[in-house]
Amino acid sequence: MASSFISREQAERNLEEIGNSDFESIKTQGRDIWNKELGRMIVDGGSMDETRTFYSTLYRTLLFPRKFYEYDANGEVVHYSPYNGKVLPGYMFTDNGFWDTFRAVFPFFNLMYPSLNEKIQAGLVNAYKESGFLPEWASPGHRSVMIGNNSATLVADAYLKGARGYDIETLYEALVHGTENVHPEVEATGRLGHQYYNELGYVPYDVGINENAARTLEYAFADWTIWKLAKELNRPNKEIKRFRERSQNYRHLFDPETNLMRGKNKDGSFQKPFNPLKWGDAFTEGNSWHYSWSVFHDVQGLIDLMGGKTSFVQMLDSVFVQPPDFDDSYYGFPIHEIREMQIMNMGQYAHGNQPIQHMIYLYNYAGQPWKAQYWIREVLNRMYTPNPDGYCGDEDNGQTSAWYVFSSMGFYPVTPGSDQYVLGAPLFPKMTIELENGNKITVDAPENSDDNRYIKGMFFNGKPWDKNFVNFHDLMDGAHLEFIMDDRPNESRGADPEAYPYSFSRDE
């Protein structure tokens, strides 16, 4: 059997891919293909359960997006457009929710599969030309699911990481268009509430737009990535300045009374009443404790708003100290993400959904990376297993898996669009990573164990490394990361502000 999105004739043509091979041959070929891809990351020294979990998460990271293109009679790439119903030349991809995957899946592609991501970017060019918008959740066309304008992050991060061979000018045009428009039929595409956001600096709580605070925070980060790309493309200064300023819009929602993000009314007053444990409402599938950390590009700015490093760390600690209580009145019942937070019993830390998944790494920005090392290992151990119930919540196109893969490597892309990965601590005593360009990344942590989860010292290509991050381009050149692990935290390593990762407020 064969299928096609284009025609019966194309389905017959697709059947020719297997030639005269029988079932066993095809099965063996599929196994060999997966072994080759999974074999690009070799882990050594972990338990059987850790090894099974790692390769299960790597497998899931690679499952999406779906290739939605085929090869015609001349061997040319063509696709059925879910946007206008025509068969057109070029790439197309689908089945992806960028609200999830902008966080770690696409950064993983930029590290491990840059040539694939170039094709995905070319597919985004076609999606914009055929529909007038970039997708935010394609399945297969625009779908009104989730919030944000996270296609901007995908486009900017890919180009800033070196992806080429597609029409970046058209994609940049698409990004700018998305900041000033919303799809006439699909409110999740473009920016719902853009008029308010562009005028006031936030989407108000009292204008009939749900999840307004979450939209504001995600729009602000998207604007930062557009600003970075605009500079790279030498766009007009006025345009560059506009997105630079909008990247700071997260500040409008910070409530100094609670030290949390809070919905704000059109007249400038904060929403009342305010319960930081209330899921939904001003936020998306989470509460204020989850979304208040969604300042990916300016953690130092958030630290300053919270009153400095001591207060900031106390707020981070509080996420784990609080009981997993909740207010489900917005939904009328406990949605599964709420139940998953309760069951995993790690306070208000709801790893089963995406908004808070980067939060643990933020200890690195406040001089206490050892706390990140502790909690990352707790999540790796407690929230992932190789058993049928081995996921703590939403997988969503590989994002929760990509968190595990990156965190096992010892670093994570807190800020897509920057050149940095923020350090955690590796899971395995050794990992060897084969890059697409032929170079290798080797991660050695020979004393690593469940007790020895803390970094006592670190070397990068043989030289002492005291930063709380590593650089993307250094990794792409091939790198040897050596971790000296200990059962006690080294509270002096990474404590100096010069070791902290990128923040807009400090570094621009």
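Everything below is about the structure printed above this text.
Residues numbered from 1 in each chain as written. Predicted model: local features only at pLDDT ≥ 70, side-chain atom pairs only at ≥ 80, totals over all residues. Heavy atoms only, no water.

(A) Region of the structure containing the overall build of the protein chain. Of the regular secondary structure elements, the protein chain holds 19 helices and 18 strands. Its C-alpha radius of gyration of 23 Å places the protein chain within 12% of the 23 Å reference for a compact globule of 508 residues. The principal-axis extents of the C-alpha atoms in the protein chain amount to approximately 65 × 55 × 50 Å. Residues classed as buried in the protein chain amount to 59% of the 508 residues present. (Helix = DSSP H or I, 4+ residues; strand = E, 2+ residues; numbered from the N terminus. Rg over C-alpha atoms; globule rule 2.2 N^0.38 Å. Buried < 20%, exposed > 50% of the residue type's maximum accessible area, 1.4 Å probe, protein only.)

(B) Here's a closer look at the sheet that holds strand 14 (residues 440–444). If you walk across this open sheet you meet the six strands as 1-13-14-18-15-16, and the pairing is mixed. Edge positions in the sheet fall to strand 1 (41–44) and strand 16 (463–464), since each has one partner strand and no second. Taken strand by strand, helix 3 (residues 48–61) contacts strand 1 and strand 13 (430–434), and its axis lies near 165 degrees from that of strand 1. Relative to the sheet, helix 17 (residues 399–409) contacts strand 1, strand 13 and strand 14, its axis offset from that of strand 13 by approximately 115 degrees. (Pairing = 2+ DSSP bridges. Contact = heavy atoms within 4.5 Å. Axes fitted to C-alpha atoms, helices over the stretch in contact; angles between N-to-C directions.)

(C) A look at the pattern of salt bridges. For the structure shown, the criterion picks out 19 salt bridges. With its nearest N and O atoms 3.6 Å apart, the salt bridge here joins R251 to D298. You can see R251 sitting in the loop between helix 11 (237–246) and strand 9 (254–255) and its partner D298 sitting in the loop between helix 12 (288–291) and helix 13 (299–305), a full 47 residues away along the chain. For R251, a relative accessible area of 33% gives the class partly exposed. Where salt bridges share partners, they join E378, R382, D450 and R453 into one cluster. (Salt bridge = Lys/Arg side-chain N within 4 Å of Asp/Glu carboxyl O.)

(D) Spotlight on the environment of Q322. Its location among the elements puts Q322 in the loop between helix 14 (309–321) and helix 15 (336–344). Under the relative-accessibility criterion, Q322 is labelled partly exposed at 22%. In this structure the C-alpha to C-alpha distance between Q322 and M346, which are 24 residues apart in sequence, comes to 8.5 Å. Contact partners of Q322, with chain neighbours within four places excluded, come to L277, W289, G347 and Q348.

(E) Region of the structure containing the side chain of T189. With respect to the secondary-structure elements, T189 resides in the loop between helix 8 (168–180) and helix 9 (194–200). Setting aside residues no more than four positions away along its own chain, T189 makes contact with F133, L134, E136, H142, V182 and H183.

(F) Main features of the packing of aromatic side chains. Summed over all chains, the structure comprises 33 aromatic pairs. Ring centres 5.1 Å apart and planes at 35 degrees place the aromatic pair F460 and W465 in the tilted group. Here F460 falls in the buried class, since its relative accessible area comes to 8%. The ring of W99 has R103 sitting right over it, with the charged end atom 5.0 Å from the ring centre. The aromatic ring of Y502 is capped on one face by K228, whose charged end is 5.6 Å from the ring centroid. (Phe/Tyr/Trp six-rings, centres within 6.5 Å; stacked < 30°, edge-to-face > 60°. Lys NZ or Arg CZ within 6 Å of the ring centre and 35° of its normal.)

(G) Local environment of the environment of S56. Relative to the helices and strands, S56 is located in helix 3. Its relative accessible area of 33% is what places S56 among the partly exposed residues. Linking S56 and E491, residues 435 residues apart in sequence, is a C-alpha distance of 34 Å.

(H) Representation of helix 14 in the model. For helix 14, built from 13 residues, the straight-helix expectation of 18 Å at 1.5 Å per residue is met to within 8% by its first-to-last C-alpha distance of 18 Å. Of the positions making up helix 14, those classed as buried are S311, F312, V313, M315, L316, V319 and F320. At its buried positions, helix 14 is contacted by strand 10 (260–261), helix 12, helix 13 and helix 16 (369–382). (Expected span 1.5 Å × (residues − 1).)

(I) Looking closely at the pairing of strand 12 (residues 420–423). Judged from the two bridges that link them, strand 11 (residues 411–412) and strand 12 form a sheet pairing that is antiparallel. When the bridges of strand 12 are listed, Y412 appears paired with V422. Two elements, strand 12 and strand 17 (residues 469–471), share three bridges in a ladder whose sense is antiparallel. What sits directly across from Y421, in strand 17, is V470.

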